[in-house]
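Descriptive analysis of the structure
As a plain string of letters, each chain reads:
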Amino acid sequence: MDETLGKDSVALHPKKKKKQPITWSLIKNQNQLIWMSVPLLLYIVLFAYVPVWGWTMAFQNYRPGRSFSEQEWVGFKQFKFLFTDDNFLRVLRNTLAMGIINLVLGFVTAIVLALLLNEIRKVFWKRIVQTISYLPHFLSWIIVTGIVATSLSINDGIVNIVLMKLHIIKDPILWLSEGKYFWGIVGASHVWKEVGWNTIIYLAAIASIDPALYEAAEIDGASRYKKMRFVTLPGIKATIVILLIMSVGHVLEAGFEVQYLLGNGLVMDWSETIDIFVLKYGLAQGNYSLATAGGIFKTVVSVTLLLMANWTAKRLGEERLL
């Protein structure tokens, strides 16, 4: 009996295979794969690592036309100015606010739409809804902001017309002239443009769930809502966590085109982001050192948030990116 149990335990818990050590013979046998990866590696080095040399401008009083040895080194002067400048603190507030709004709205709406699409039984209608929701992703932000501006127009904008017909408002609202509405407009624009595209990964994760789980839940009397809650959501939990970690790392990527195109002098205190700040100081005013310092700050914060989200997922026992 003991021998039988021992064999069963071995069968149930097989030994893990040891990883094959990396040796020169292994590399030689895979030289074709290595040569295939060389162009991609060169691309990454050329466009991702070589430009990092330009970060030295953040520690200089950079002047175009001078050689590297002739530049004046000022240490952390540019960073000190950033953290004491009221304009940059305002820009940081706007970037964080719009980044968090885009993250929350985009994340929640994509999951909800994926769950609803999964419940559509007619393939024909499912494909139509998917196509309609995907199409805005392929529009440029110039077109999207034009549609948004037209929809929010005070004269013949569809939003004001509908709200007045429903007696929600009495007079048309100047949506793009009041700062308190700007963050919400940006968030809604991002959702409309990207929600369909963001559902693709979730739908792929849902498709990989074992159908036997749904059958078992149906036998137990589970409704469609309960199957979504207790089968579908746990089945895509790992995908949700990984995408959330990646999204947190891009929270300062609040956008540039939509804020730049929809923004105006009346809402500048609400619309200006770090990217616009860098553009204004770097190109319009020629202060390349300050613009570079702002870019470095954005990169460091993004990497820090990514590592923190990954560490938090590890502590909670969830899937990790790193």
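Below is a short write-up of the structure. Since the structure is predicted, the reported quantities are computational estimates derived from the model, not experimental observations.

1. Brief notes about the overall build of the chain
- Helix and strand counts for the chain stand at 16 helices and two strands.
- Across its three principal axes, the chain shows a C-alpha extent of roughly 85 × 65 × 35 Å.
- Once local pairs closer than 6 in sequence are excluded, the contacts in the chain between residues at least 24 apart make up 66%.
- Only carbon and sulfur atoms are counted for the fraction: they give 66% of the accessible area of the chain, which is about 21300 Å².
- Placing the 31 positive and 23 negative side-chain charges of the chain at their respective mean positions leaves the two points 4 Å apart.

2. Focus: the packing of aromatic side chains
- Counted by the stated rule, this structure contains 17 aromatic pairs.
- Taken together, a centroid distance of 5.2 Å and an interplanar angle of 75° make the contact between Phe 124 and Trp 125 edge-to-face.
- Of the residues examined, Phe 124 reaches a relative accessible area of 56% and is grouped as exposed.
- Arg 93 extends its terminal NZ or CZ atom over the ring of Trp 270, reaching a point 5.1 Å from the ring centre.

3. Section: the side chain of Lys 227
- Within the element layout of this structure, Lys 227 appears in helix H11 (residues 224-235).
- For the buried Lys 227, no salt bridge is present, and the opposite-charge side chain at shortest range is Glu 218, 4.0 Å distant.
- Apart from residues no more than four positions distant in its own chain, Lys 227 is found in contact with Tyr 214, Ala 217, Glu 218, Ala 222 and Thr 232.

4. Things to note about the nonpolar core
- Counting residues in hydrophobic clusters, the biggest one holds 22 residues, and the most contacted among them are Phe 107, Ile 111, Tyr 202, Ile 206, Ile 236 and Ile 240.
- Among the elements of the structure, helix H5 (86-118), helix H9 (179-207), helix H10 (211-219), H11 and helix H12 (237-249) are those that each provide at least two residues to this core.
- In terms of residues, this core owes the most to one element, H5, which gives seven residues.
- Look past the residues within four positions of Phe 107 in its chain and what remains in contact with it is Asn 102, Tyr 202, Ile 240, Leu 243, Leu 244 and Ser 247.

5. Things to note about a nonpolar patch on the surface
- A cluster of nonpolar side chains, Leu 40, Leu 41, Tyr 43, Ile 44, Val 45, Leu 46, Phe 47, Tyr 49 and Val 50, forms an exposed patch at the surface whose accessible area comes to about 950 Å².
- Within the fold, Val 50 resides in the loop between helix H3 (31-49) and strand S1 (60-61).

6. A few points about the pattern of salt bridges
- Tallied over the entire structure, the rule returns nine salt bridges.
- Between Lys 193 and Glu 194 there is a salt bridge whose closest N-O contact spans 3.1 Å.
- Looking at Lys 193, the relative accessible area reads 5%, which means it is buried.
- For Glu 194, a relative accessible area of 18% puts it in the buried group.
- Between Lys 298 and Asp 275 there is a salt bridge; the shortest N-O distance is 2.6 Å. Of this pair, Lys 298 sits in helix H16 (residues 288-315) while Asp 275 is found in helix H15 (residues 274-284), placing the two residues 23 residues apart along the sequence.
- What makes Lys 298 buried here is its relative accessible area of 9%.
- By sharing partners, the salt bridges in this structure join Arg 90, Asp 269, Glu 272 and Lys 280 into a single network.

7. Structural notes on H16
- For H16, which comprises 28 residues, the first-to-last C-alpha distance of 41 Å matches the rise-based estimate of 40 Å (1.5 Å per residue) to within 8%.
- One or two residues past the end of H16 sits Gly 317, with phi positive at roughly 75°.

8. Topic: the side chain of Lys 126
- With respect to the helices, strands and loops of the structure, Lys 126 is situated in helix H6 (residues 123-134).
- Summary of buried charges: Lys 126 has no salt-bridge partner, and the nearest side chain of opposite charge, Glu 119, is 9.1 Å away.
- If we skip the residues at most four places from it in the chain, Lys 126 touches Leu 117, Asn 118 and Ile 120.

9. Things to note about the packing of helix H4 (residues 77-84) against H16
- Where H4 contacts H16, the axes come no closer than 9 Å and their chain directions differ by 70°. Compared by their axis directions, H4 and H16 come out roughly perpendicular. Contact residues: H4 offers Gln 78, Phe 79, Phe 81, Leu 82 and Phe 83, while H16 offers Ser 289, Leu 290, Ala 293, Gly 294, Ile 296 and Phe 297.
- Of the residues assigned to the contact of H4 with H16, the class counts are eight nonpolar, three polar and no charged.

10. As for the environment of Asn 102
- Looking at the secondary structure, you find Asn 102 in helix H5.
- On the basis of relative accessible area, Asn 102 is assigned to the buried category, the value being 15%.
- For the pair Asn 102 and Val 301, spaced 199 residues apart in sequence, the C-alpha to C-alpha distance is 17 Å.
- For Asn 102, the residues in contact, after removing those within four places along its chain, are Phe 107, Val 186, Gly 187, His 190 and Ala 254.

About the thresholds
- Residues numbered from 1 in each chain as written.
- Predicted model: local features only at pLDDT ≥ 70, side-chain atom pairs only at ≥ 80, totals over all residues.
- Heavy atoms only, no water.
- Helix = DSSP H or I, 4+ residues; strand = E, 2+ residues; numbered from the N terminus.
- Contact = heavy atoms within 4.5 Å.
- Areas by Shrake-Rupley, 256 points an atom, 1.4 Å probe, with all protein chains shown as cover.
- Lys, Arg positive; Asp, Glu negative; His and termini not counted.
- Charge placed at Lys NZ, Arg CZ, Asp CG, Glu CD.
- Phe/Tyr/Trp six-rings, centres within 6.5 Å; stacked < 30°, edge-to-face > 60°.
- Buried < 20%, exposed > 50% of the residue type's maximum accessible area, 1.4 Å probe, protein only.
- Lys NZ or Arg CZ within 6 Å of the ring centre and 35° of its normal.
- Salt bridge = Lys/Arg side-chain N within 4 Å of Asp/Glu carboxyl O.
- Core = buried A, V, L, I, M, F, W, Y, C linked by side-chain atoms within 4.5 Å.
- Patch = residues over 30% accessible without salt bridge, like charges linked within 9 Å, V, L, I, M, F, W, Y side chains within 5 Å.
- Expected span 1.5 Å × (residues − 1).
- Axes fitted to C-alpha atoms, helices over the stretch in contact; angles between N-to-C directions.
- Parallel < 35°, antiparallel > 145°, perpendicular 65-115°, else oblique.
- Nonpolar A, V, L, I, M, F, W, Y, C, P; charged D, E, K, R; others polar.

All we've got here are geometric facts, nothing functional implied.
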